[in-house]
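Spelled out from the first residue to the last, the chains are:
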Amino acid sequence: MEEQLSLIDLVLHASFTVQLVMALLFLASMLSWYMIVQRFIYFRNAHDEMYQFEERFWSGIDLAQLYREGNEQASAGHAILGMESIFRAGFKEFSRLAQQSDMDSEALVEGSRRAMRVAMMREDERLERHLAFLASVGSTSPYVGLFGTVWGIMHSFRGLANATQATLATVAPGISEALVATAMGLFAAIPAVLAYNRLASRVDVFANRYDTFVDEFSGILSRQAYALRSREKKAGAAAGGR
């Protein structure tokens, strides 16, 4: 009874090129799994922090007090990310522009909105980190594995030139070794594609929430800017009438 080769034996007995392909696919698979786990943890934490900030923001707290609390957290070494980062960018710019008396309320809001858009772009970049790698692994790994398979089969058939008798038992081990490369390519690609689709959809959800928050916060700043400039005009008129 002939001894059956295990999966490890097939890998060890493969040609150098096929082994190199397998090593690359194994490395890509390990990196993609690390990034998948890291991204899912990041998204879970970002989701929790977003809901906590929204609850705090809509609780009726004074915006200046909320901004000062963020300063205290930043001073304590806590990273300010997500929706709170967008809020802080908009409120900081609003406070800075409000000190310029020659700027009307619309310019105040537009400047704050631009600052929030820039902050939102930075948050989108954080959310999309590593997604390009997962997309590359998912799209290229099957072809890399197929290259290893084709090369291994070519190597196996070239070996038949020196064989005195060409039988299925002669070429079967070489073909089996080559097919392992295709299997490893699929093993690397399938989780990467599934994770990419899932994470990309969550990026869209976060982006929509951030965009909605920018619009809502801009409306609040618009009312505050109008009230601020109205008070300044009344104070100026009262001072001029004396």
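Everything quoted here is computed from the prediction, not taken from an experiment.

Q: So what about the overall build of the protein? Which residues, and what values?
A: What the protein contains, in helices and strands, is seven helices and zero strands. For the protein, the α and β elements follow one another from N to C terminus as α-α-α-α-α-α-α. When burial is assessed residue by residue, the protein has 38% of its 242 residues classed as buried. Within the protein, counting contacts between residues at least 6 apart in sequence, those at least 24 apart form 82% of the total. For the protein, the accessible area works out to roughly 14,500 Å², and carbon and sulfur atoms hold 60% of it.

Q: Can you break down the pattern of salt bridges residue by residue, with the values?
A: For the structure shown, the criterion picks out seven salt bridges. For Glu 54, the salt bridge is made with Arg 209, and the minimal N-O distance between the two is 2.4 Å. With Glu 54 in helix α2 (residues 16-57) and Arg 209 in helix α7 (residues 168-240), this pair connects stretches of sequence that are 155 residues apart. By relative accessible area, Arg 209 is classed as partly exposed at 25%. Note that Glu 93 is salt-bridged to Arg 96, the shortest N-O span being 2.6 Å. A residue pair is termed a helical-turn pair when its members lie 3 or 4 positions apart in one helix, as Glu 93 and Arg 96 do in helix α4 (residues 82-98) at three residues. Several salt bridges share partner residues, and in doing so they unite Arg 113, Arg 117, Asp 211 and Asp 215 into one network.

Q: Help me get a handle on the nonpolar core, residues and values and all.
A: Residues Phe 57, Ile 86, Phe 87, Tyr 210, Phe 213 and Phe 217 are the most contacted members of the largest nonpolar core, which totals 44 residues. When residues in this core are grouped by element, the largest group, 14 residues, is from α7. Residues in contact with Tyr 210, not counting those within four places in the same chain, are Met 50, Gly 82, Met 83, Ile 86, Met 120, Glu 123, Asp 124 and Leu 127. Counting six residues, the second largest nonpolar core, distinct from the first, contains Val 18, Met 22, Val 180 and Ala 181.

Q: Help me get a handle on the packing of helix α3 (residues 63-75) against α4, residues and values and all.
A: What describes two packed helices is the angle between their axes and the distance between those same axes. Relative orientation of the contacting elements α3 and α4 amounts to 120 degrees, with a least axis distance of 11 Å. Comparing their axes, α4 and α3 come out oblique. The handedness of the crossing between α3 and α4 is left-handed. Only Glu 84, Phe 87, Arg 88, Phe 91 and Lys 92 of α4 make contact with α3, whose side of the interface consists of Leu 63, Ala 64, Leu 66, Tyr 67, Gly 70, Asn 71 and Gln 73. Residues of the contact of α3 with α4, tallied by class, amount to six nonpolar, three polar and three charged.

Q: So what's going on with the environment of Val 180? Which residues, and what values?
A: Mapped onto the elements, Val 180 comes out in helix α7. It is 8.1 Å that separates the C-alpha atoms of Val 180 and Met 22, two residues lying 158 residues apart in sequence.

Definitions and cut-offs
Residues numbered from 1 in each chain as written. Predicted model: local features only at pLDDT ≥ 70, side-chain atom pairs only at ≥ 80, totals over all residues. Heavy atoms only, no water. Helix = DSSP H or I, 4+ residues; strand = E, 2+ residues; numbered from the N terminus. Buried < 20%, exposed > 50% of the residue type's maximum accessible area, 1.4 Å probe, protein only. Contact = heavy atoms within 4.5 Å. Areas by Shrake-Rupley, 256 points an atom, 1.4 Å probe, with all protein chains shown as cover. Salt bridge = Lys/Arg side-chain N within 4 Å of Asp/Glu carboxyl O. Core = buried A, V, L, I, M, F, W, Y, C linked by side-chain atoms within 4.5 Å. Axes fitted to C-alpha atoms, helices over the stretch in contact; angles between N-to-C directions. Parallel < 35°, antiparallel > 145°, perpendicular 65-115°, else oblique. Left-handed = near helix turned anticlockwise from the far one by under 90°. Nonpolar A, V, L, I, M, F, W, Y, C, P; charged D, E, K, R; others polar.

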